Amino acid sequence: MTQLYRAWFRSKKDGRYLQSYKTDTMESFSVQLTDDPDEAVSLVTDITNDVQLETRLFQAVLRHPDRSSIPLFYSITIEAFQIVRHYFEIVTDKVDPDVIEGREVTYAVGDVLVDYDRFGAERQIARDNNRVFNLDEADWAKRQFTVLAAGHYVDSDTGQAYAGMTVAGPDQPTFWALPDELLEWSDLAYQMNNFPCVVEFGRLENGDGVGAMQLSIQLREDAE
């Protein structure tokens, strides 16, 4: 069996781990740090080449902007990469194959390259390679979802933010990319943080897409 490793960017100064980045303008770039490696951006991989490992790990960082941030502009990606290389070192640990369960990690083994969220749902790094919800699909109209998490994510193909959600399923949680018109809803849902909750998607009379959130399941159970 191929040996797998889990890799992080760790600060050379204080030993904390890179958790996310923040950028407000085309010229700004900063990072958020954490003492907990399970909260940091990490890569589970069989890559042993240092250059390839560094590149894959930085690409994973690019898909983890701070929730108050916009995705990194391509024009400053190289500069940001040099900043990370200067202030951080890569540290690795050997891991078992099942480490991805319930972890917020990128899995880069062989030809496979996917993100896993904290619920264990698989999220393809390119938006359109995921399940894409269609508000105009008759079979999905008025369908209710038990949503575990929602927010914006970064498309590896375009570098742009898109809306998405993780929903409970009969076997395991699944990730859905949402149409652009629900980006504002997904960010609002993230800020409210009333998960898990039941959501029904549809259109208003004026044609705008909307997600109607019911009381969170936990709050509803407590009330009963």
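Everything numeric in this text was worked out from a predicted model, so none of it was measured. (Residues numbered from 1 in each chain as written. Predicted model: local features only at pLDDT ≥ 70, side-chain atom pairs only at ≥ 80, totals over all residues. Heavy atoms only, no water.)

A. Layout of the packing of aromatic side chains. Here the structure, examined in full by the defined rule, presents 13 aromatic pairs. Look at Tyr 153 and Phe 175: their rings are 5.0 Å apart centre to centre, the planes differ by 85°, and that puts the pair in the edge-to-face class. Here the residue Tyr 153 occupies a position in strand 10 (residues 144-154), and Phe 175 occupies one in strand 12 (residues 174-177), the gap between them amounting to 22 residues. The exposure class of Tyr 153 is buried, given its relative accessible area of 9%. Here Trp 185 and Phe 201 contribute two aromatic rings whose centre-to-centre distance is 5.2 Å and whose plane-to-plane angle is 75°, an arrangement assigned as edge-to-face. Placement of the pair is Trp 185 in helix 3 (residues 183-192) and Phe 201 in strand 13 (residues 197-203), with a sequence separation of 16 residues. With respect to class, Trp 185 is no different from Phe 201; both count as buried. Across the ring face of Phe 81, the terminal group of Arg 85 is positioned such that the distance to the ring centre comes to 5.4 Å. (Phe/Tyr/Trp six-rings, centres within 6.5 Å; stacked < 30°, edge-to-face > 60°. Helix = DSSP H or I, 4+ residues; strand = E, 2+ residues; numbered from the N terminus. Buried < 20%, exposed > 50% of the residue type's maximum accessible area, 1.4 Å probe, protein only. Lys NZ or Arg CZ within 6 Å of the ring centre and 35° of its normal.)

B. Summary view of the nonpolar core. One finds Phe 9, Phe 58, Leu 72 and Val 84 to be the most contacted residues of the largest nonpolar core, which totals 23 residues. Counting residues per element, the ones that place at least two in this core are strand 1 (4-11), strand 2 (17-22), helix 1 (50-62) and helix 2 (77-87). With six residues, helix 1 is the single largest residue contributor to this core. Ignoring sequence-local partners within four residues, the contact set of Val 84 consists of Phe 9, Leu 18, Phe 29 and Phe 58. (Core = buried A, V, L, I, M, F, W, Y, C linked by side-chain atoms within 4.5 Å. Contact = heavy atoms within 4.5 Å.)

C. Inspection of the pattern of salt bridges at higher detail. According to the stated counting rule, one finds seven salt bridges in the structure shown. Between Arg 6 and Asp 38 there is a salt bridge; the shortest N-O distance is 3.1 Å. Taken together, the residues span a long stretch of sequence, with Arg 6 in strand 1 and Asp 38 in the loop between strand 3 (30-34) and strand 4 (42-45) at a distance of 32 residues. Classification of Asp 38 as partly exposed rests on a relative accessible area of 41%. Between Arg 127 and Asp 128 there is a salt bridge whose closest N-O contact spans 2.6 Å. Judged by relative accessible area, which is 14%, Arg 127 ranks as buried. Since its relative accessible area comes to 58%, Asp 128 is described here as exposed. (Salt bridge = Lys/Arg side-chain N within 4 Å of Asp/Glu carboxyl O.)

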